[in-house]
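Remarks on the overall topology
Below are the chains, spelled out letter by letter.
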Amino acid sequence: MAVSHPPEHPRQAAQATRQAIETVFRMESPRIIAGVTRIVRDVGIAEELAQDALVAALEQWPAQGIPDNPGAWLMATARNRAVDLVRRRERYARKLAEVGRDLETAPAQAGPLEPADPDAIDDDLLRLVFIACHPVLSTEARVALTLRLLGGLSTAEIARAMLAPEPTVAQRIVRAKRTLAARAVAFEVPYGPDRDARLGSVLEVIYLIFNEGYAATAGDDLVRPALCEDALRLARVLTALMPEESEAHGLAALLELQASRTATRTGPAGEPVLLKDQSRAHWNQMLVRRGFAALARAQATAPSPAGALGPYALQAAIAACHAHAHSYEETDWQQIAALYGLLAARAPSPVVELNRAVAVAMAQGTEAGLVLVDALTAEPVLKDYHLLPSVRGDLLERLGRTDEAHAEFERAASLARNERERELLLARAADCWAGSGRGARPAESASCEGA
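Here's a quick rundown of the structure. One numbering rule holds for all chains: residues counted from 1, following each sequence as written. Thresholds applied to this predicted model are a pLDDT of at least 70 for local features of residues and 80 or more for the giving and counting of side-chain atom pairs; totals over whole chains, interfaces and linings are not thresholded and use all residues. In computing side-chain properties, one takes all heavy atoms of the structure into account and sets aside hydrogens as well as water.

Helix and strand definitions follow DSSP, with helices as H or I runs of at least four residues and strands as E runs of at least two, each counted in order from the N terminus. Secondary structure summary: the protein chain contains 19 helices and zero strands in total. For every residue, the accessible area obtained with a 1.4 Å probe (protein chains only) is divided by the maximum for its type, and the residue is called buried under 20%, exposed over 50%, and partly exposed between those limits. Residues classed as buried in the protein chain amount to 50% of the 451 residues present. Long-range contacts, defined as pairs at least 24 residues apart, comprise 67% of the intrachain contacts of the protein chain with a sequence gap of at least 6. Of the roughly 21700 Å² that the protein chain leaves accessible, carbon and sulfur atoms contribute 53%. Any pair of residues with heavy atoms lying within 4.5 Å of one another is described as a contacting pair. With residues, only the protein chains shown are counted as cover, and all accessible areas are computed by Shrake-Rupley using a 1.4 Å probe.

Right, here's the structure in full:
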């Protein structure tokens, strides 16, 4: 009879220490990279030095114990290596100067040798946010770099999150760092019109990350909660760093309110559960309260005297209408339709108009909504957008035009890239074909703008 032996305690302790180090590093790496970038002025090198600090922790902490302030230890280690690197560069520069090289940039490199102010870490983190989301990078590169530098994700994790091959994601990150270095993107928070443009890019990247988690574009899962959590954390960080930016609070409010529904958007087998059928008792009320509070801050910091809300805050106000309603039947569709009208004026797009059509159908009648949807069928942007025929099929089904609805649901299914959405749309098409008479439901958009 074999006798099982308890696991070796030293091995358990080493494993626990390693897990603790990796957890601390994931939490602290954005601040470490930001603080080191201030010194070396290169985000790629800063990330390498942060990784060096992680390696030092893995080597020293198992033997010496975890420091009382592990984040400060990692920051100090990375900064010391950064200062050493700059000093080596300066010594090399002086040697080159002795042989007559033109080194007019050397004094500029000497500046960062001053020890960084610990109270300025948040400022550094804000600068890192604006670098990672710089418009000089493609959208895909911005998302990947943001998840790497600010989300603390590995290349493999980002590849899984973006449903892309790992080598492709690795190349995107490498090219993004090279582009930032080649373009000499300043480690600063922009001001004036440039800041408005760059802030828009920052908000868009966080929004896209959340959207991909809330309603996955492709794959077998409708919802990918980890991406939602990463985006929500980034949005919260941004509001703390930019407390006077109304749209930062608006985005945070939108994501908090949308995230409150995440657990109810799929059934036991992962099948989609539309808004009408979701159990509101199981919406996360803590996130709902946080969303209401963030929306109030967005309203309080909106530009005066008009006090007009931006696009993200308006979408948050729409989400708040749903959260305020105790049941689907109590939803204030008139208010939602009005808010979509404001959103269409502030940020016009065919997708916004499609969502407005859904709200109008609920507020003013199916025929009124169908008129708006039919007007969008010629929009080039919506040509391959599966939610257009999905919404149209839904409205046609409600009007009893089941043959036409069947064709629209089949077309929507052919365009859908997410397997769960495709299954739902094919089921709707089959119901129409069979004339089952099942009560139709308004479509719930896969984007955060969904009615």
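Past the structure itself, the notes keep going.
Now for the side chain of Ser 246. Note on placement: Ser 246 falls in helix 11 (residues 246-259). Whenever a nitrogen or oxygen atom comes within 3.5 Å of another N or O atom, the pair is scored as a polar contact, on the condition that within protein one atom can donate a hydrogen and the other can accept it, and that pairs from neighbouring residues in sequence are kept only if both atoms are in side chains. In terms of polar contacts, Ser 246 uses its side chain to reach the backbone carbonyl oxygen of Ala 298, at 2.7 Å. If we skip the residues at most four places from it in the chain, Ser 246 touches Ala 298, Thr 301 and Ala 302.

On to the layout of surface pockets. For the second largest pocket, the calculated volume is near 350 Å³. A pocket here means an open set of points on a 1 Å grid, computed over the protein atoms alone, that has protein on both sides within 12 Å along at least five of seven lines. A cavity is instead a set of points where a 1.4 Å probe fits but cannot get out; residues with an atom within 4 Å of a point line either one. Lining the second largest pocket are 21 residues, and of these Met 27, Pro 30, Leu 150, Arg 233 and Val 237 lie nearest its centre. Elements with a contribution of two residues or more to the lining of the second largest pocket: helix 1 (9-40), helix 5 (121-132) and helix 10 (225-241). In the lining of the second largest pocket, the residues fall into 13 nonpolar, two polar and six charged. Grid points are joined across faces, edges and corners, and a volume is the space filled by probe spheres set on the points. Lys, Arg, Asp and Glu make up the charged group, whereas Ala, Val, Leu, Ile, Met, Phe, Trp, Tyr, Cys and Pro make up the nonpolar group; the residues left over, Gly among them, are polar.

In this description, a nonpolar core means a group of buried Ala, Val, Leu, Ile, Met, Phe, Trp, Tyr and Cys residues linked to one another through side-chain atoms lying within 4.5 Å. Grouped together as the largest cluster of nonpolar side chains are 106 residues, with contacts concentrated most on Val 40, Ile 206, Leu 238 and Leu 255. Leu 238 has contacts with Leu 126, Val 129, Leu 199, Val 202, Leu 203, Ile 206 and Ala 248, leaving out every residue within four places of it along the chain. Membership of the second largest hydrophobic core comes to 22 residues, among which are Leu 354, Leu 370, Leu 376 and Leu 387.

Stacked, edge-to-face and tilted are the three classes for Phe, Tyr and Trp ring pairs, Trp counted by its six-membered ring, which pair at centre distances within 6.5 Å; planes under 30 degrees apart are stacked, over 60 edge-to-face, the rest tilted. Tallying each qualifying case throughout the model produces four aromatic pairs. Each ring, one from Phe 210 and one from Tyr 214, has its centre 5.7 Å from the other, and the planes form 20 degrees; the classification is stacked. Taken together, the residues Phe 210 and Tyr 214, both in helix 9 (residues 192-214) and four residues apart, mark about one turn of the helix. The burial state of Phe 210 is the same as that of Tyr 214; both residues are buried. Ring geometry for Tyr 328 versus Trp 333: centroids 5.8 Å apart, planes at 70 degrees, classification edge-to-face. Each member of the pair, Tyr 328 as well as Trp 333, carries the same accessibility label: buried. Counting as a charge over the ring demands two things of the Lys NZ or Arg CZ atom: a distance within 6 Å of the ring centre and an angle within 35 degrees of the ring normal. In this arrangement the basic side chain of Arg 265 is found over the ring face of Tyr 214, its NZ or CZ atom lying 4.0 Å from the centre.

Another point: the environment of Pro 272. Secondary-structure assignment places Pro 272 in the loop between helix 11 and helix 12 (285-300). Residue classification places Pro 272 among the buried residues on the basis of a relative accessible area of 17%. Sequence separation between Pro 272 and Leu 424 is 152 residues, and the spatial gap between their C-alpha atoms is 7.2 Å.

Once that is clear, we can look at the pattern of salt bridges. Note that side chains of opposite charge can pair when their charged atoms are close. Salt bridges are defined by distance alone: a side-chain nitrogen of Lys or Arg within 4 Å of a carboxyl oxygen of Asp or Glu. For the structure on display, the rule yields 16 salt bridges. Linking Lys 177 and Glu 47 is a salt bridge whose minimum nitrogen-to-oxygen distance equals 2.2 Å. Of this pair, Lys 177 sits in helix 8 (residues 166-182) while Glu 47 sits in helix 2 (residues 43-64), placing them 130 residues apart in sequence. By relative accessible area, Glu 47 is classed as buried at 5%. Residues participating in the shared-partner salt-bridge network are Glu 47, Arg 148 and Lys 177.

Our focus in this paragraph is the environment of Leu 147. If you trace the backbone, Leu 147 turns up in helix 6 (residues 139-149). The buried category is assigned to Leu 147, whose relative accessible area is 1%. Measuring from C-alpha to C-alpha, the distance between Leu 147 and Leu 227 comes to 9.3 Å, with 80 residues separating the pair along the chain. Every residue in contact with Leu 147, bar those within four places of it in the chain, is listed here: Gly 152, Leu 153, Ile 158, Ile 209, Leu 227 and Asp 230.

Time to look at the environment of Thr 155. With respect to the helices, strands and loops of the structure, Thr 155 is situated in helix 7 (residues 155-162). Those residues in contact with Thr 155 that sit more than four places away from it in its chain are Arg 148, Glu 166, Val 169, Ala 170 and Ile 173.

With 14 residues, helix 18 (residues 402-415) extends 20 Å from end C-alpha to end C-alpha; this agrees with the ideal 20 Å at 1.5 Å per step. Along helix 18, the residues that are buried comprise Ala 405, His 406, Glu 408, Phe 409, Ala 412 and Ala 413. Angular distribution of buried residues about the axis of helix 18 spans 165 degrees; they occupy a single face of the element. Summarising the geometry of helix 18, the exposed residues directed more than 90 degrees from the buried face are Asp 403 and Ser 414. Where helix 18 is buried, its residues contact helix 17 (387-398) and helix 19 (419-434). In a helix, the anticipated span is given by 1.5 Å times the number of residues less one. The directions considered for the arc run from the helix axis to the C-beta atoms.

With that out of the way, let us pick up the packing of helix 17 against helix 18. Angular values range over 0 to 180 degrees, each being the angle between N-to-C directions of two axes fitted as lines to C-alpha atoms, with helices fitted over their stretch in contact. Two elements in contact, helix 17 and helix 18, have axes whose closest approach is 8 Å; the angle formed by their N-to-C orientations is 160 degrees. Taken together, the axes of helix 17 and helix 18 lie roughly antiparallel to each other. Pair helix 17 / helix 18 crosses with left-handed handedness. Contacts between helix 17 and helix 18 pair Pro 389, Ser 390, Arg 392, Gly 393, Asp 394, Leu 396 and Glu 397 from the former with Glu 404, Ala 405, Glu 408, Phe 409, Arg 411, Ala 412 and Leu 415 from the latter. Partitioning the contact of helix 17 with helix 18 into residue classes produces six nonpolar, two polar and six charged. Convention used here: angles under 35 degrees read as roughly parallel, angles over 145 as roughly antiparallel, angles from 65 to 115 as roughly perpendicular, and any remaining angle as oblique. Left-handed describes a crossing in which the near helix is turned anticlockwise from the far one by less than a right angle; the clockwise case is right-handed.

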